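Chain by chain, the residues run as shown.
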Amino acid sequence: EVVGSTITTSHPISPELSKSVSDSGLTHLDLSQNFIEHYPTFPSKLKSLVLGGSNLDGRTNLTFPATLEQLTLENCNLSDLNFRSILSDLRVVTELRVPFNRITSEGVVDLIMMFPRLRLLDLSSNPLLSEGMETLSLVAPPTVILQNCKGDDVTGDVITALHSSVEFCDLSYNRIDYPAFCRD
């Protein structure tokens with residue numbers, strides 16, 4: 001489906017179509033549930049990219065355009081060990097959605113520091129545990145989504161710290177010991 005400067009597809013893409021798309025002026029590209037082996041480069045003016053279910057681990061030929069502002073990498077096998085090399089050239093990202101990956105509390109600060117303009121961070125269903133949530137309270141962007149992050153012992157202090165440092169925080173599906181001001 002092509003609409004203006006947007007293409008969305010879940011069908012396999014041939015090398016020929018990949019070349020044509022890469023040479024285009026597309027600004028929004030959704031390749032969820034697609035095999036991206038034909039994408040060594042993306043359109044140079046791309047502002048928004050969605051990749052879902054694409055294994056990025058070990059992809060040394062993948063180059064994201066420096067123009068990306070919104071990036072969604074859902075279930076792409078990102079981890080503390082590989083996200084730095086995969087995302088290292090991006091500096092203008094304002095929205096980063098990386099749910100269903102393997103980013104832990106060990107990598108949270110580095111991940112945020114890579115993106116100085118970050119306004120939204122979605123780390124849902126990553127194994128952050130309560131330590132990662134506590135770390136986020138110190139460096140989080142204004143909007144944080146942390147659904148189902150294996151936070152089984154999130155304390156009231158962590159909730160209070162997040163509450164005072166962000167504008168919006170979604171902690172759904174974590175086990176939380178809510179502070180008194182949330183229960184009243």
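Here, the structure is the one placed above.
The structure contained in this document is the topic of the report that follows. (Residues numbered from 1 in each chain as written. Predicted model: local features only at pLDDT ≥ 70, side-chain atom pairs only at ≥ 80, totals over all residues. Heavy atoms only, no water.)

Some words on the overall build of the protein
No. 1: Scanning the protein from N- to C-terminus turns up six helices and nine strands.
No. 2: Going through the 184 residues of the protein one by one, you find that 47% of them count as buried.
No. 3: Here the contacts in the protein between residues at least 6 apart in sequence split such that 40% fall between residues at least 24 apart.
No. 4: For the protein, the accessible area works out to roughly 9,300 Å², and carbon and sulfur atoms hold 52% of it. (Helix = DSSP H or I, 4+ residues; strand = E, 2+ residues; numbered from the N terminus. Buried < 20%, exposed > 50% of the residue type's maximum accessible area, 1.4 Å probe, protein only. Contact = heavy atoms within 4.5 Å. Areas by Shrake-Rupley, 256 points an atom, 1.4 Å probe, with all protein chains shown as cover.)

Overview of the pattern of salt bridges
No. 1: Per the stated rule, a full pass over the model turns up three salt bridges.
No. 2: Arg-84 is the partner of Asp-110 in a salt bridge, and the nearest nitrogen-oxygen pair spans 2.8 Å. Of this pair, Asp-110 sits in helix H3 (residues 108-113) while Arg-84 sits in helix H2 (residues 83-87); the two residues are 26 residues apart in sequence, bridging distant segments of the chain.
No. 3: Look at Asp-110 and you get partly exposed, because its relative accessible area is 36%.
No. 4: Classification of Arg-84 as partly exposed rests on a relative accessible area of 31%.
No. 5: Between Glu-95 and Arg-97 there is a salt bridge, and its shortest N-O distance comes to 3.8 Å. (Salt bridge = Lys/Arg side-chain N within 4 Å of Asp/Glu carboxyl O.)

Comments concerning helix H4 (residues 129-139)
No. 1: Within the sequence span of H4, burial applies to Ser-130, Gly-132, Met-133, Leu-136 and Ser-137. Take H4 and look down its axis: the buried residues cluster within an arc of 155°, on one side only.
No. 2: Buried residues belonging to H4 abut H3, strand E7 (120-122), strand E8 (143-145) and helix H5 (156-165). (Arc of directions from axis to C-beta.)

Thoughts on the state of the cysteines
Put plainly, two cysteines are in a disulfide when a covalent bond ties their sulfur atoms together.
No. 1: Tallying each qualifying case throughout the model produces zero disulfides.
No. 2: For the unlinked cysteine Cys-149, the closest cysteine sulfur is that of Cys-169, found at 9.4 Å.
No. 3: According to the relative accessible area criterion, Cys-149 is buried, its value standing at 0%.
No. 4: The partly exposed category is assigned to Cys-169, whose relative accessible area is 27%. (Disulfide = S-S within 2.5 Å.)

Remarks on the nonpolar core
No. 1: Counting 46 residues, the largest nonpolar core has Phe-64, Leu-73, Leu-87, Leu-123 and Leu-136 as the members making the most contacts within it.
No. 2: Listing elements by their share of this core, those giving two or more residues are strand E4 (48-52), strand E5 (70-74), H2, H3, H4 and H5.
No. 3: Beyond its immediate chain neighbours, meaning those up to four positions away, Phe-64 contacts Phe-42, Leu-49, Leu-51, Leu-56, Leu-73, Ile-86, Leu-87 and Leu-90. (Core = buried A, V, L, I, M, F, W, Y, C linked by side-chain atoms within 4.5 Å.)

Overview of the packing of H4 against H5
How two helices pack is summed up by the angle between their axes together with the distance between the axes.
No. 1: Two elements in contact, H4 and H5, have axes whose closest approach is 8 Å; the angle formed by their N-to-C orientations is 30°. Taken together, the axes of H4 and H5 are roughly parallel relative to one another. Crossing of H4 over H5 shows left-handed handedness. Here H4 contributes Met-133, Glu-134, Leu-136 and Ser-137 to the contact with H5, which in turn contributes Val-158, Ala-161, Leu-162 and Ser-165.
No. 2: Here the residues of the contact of H4 with H5 are counted per class, giving five nonpolar, two polar and one charged. (Axes fitted to C-alpha atoms, helices over the stretch in contact; angles between N-to-C directions. Parallel < 35°, antiparallel > 145°, perpendicular 65-115°, else oblique. Left-handed = near helix turned anticlockwise from the far one by under 90°. Nonpolar A, V, L, I, M, F, W, Y, C, P; charged D, E, K, R; others polar.)

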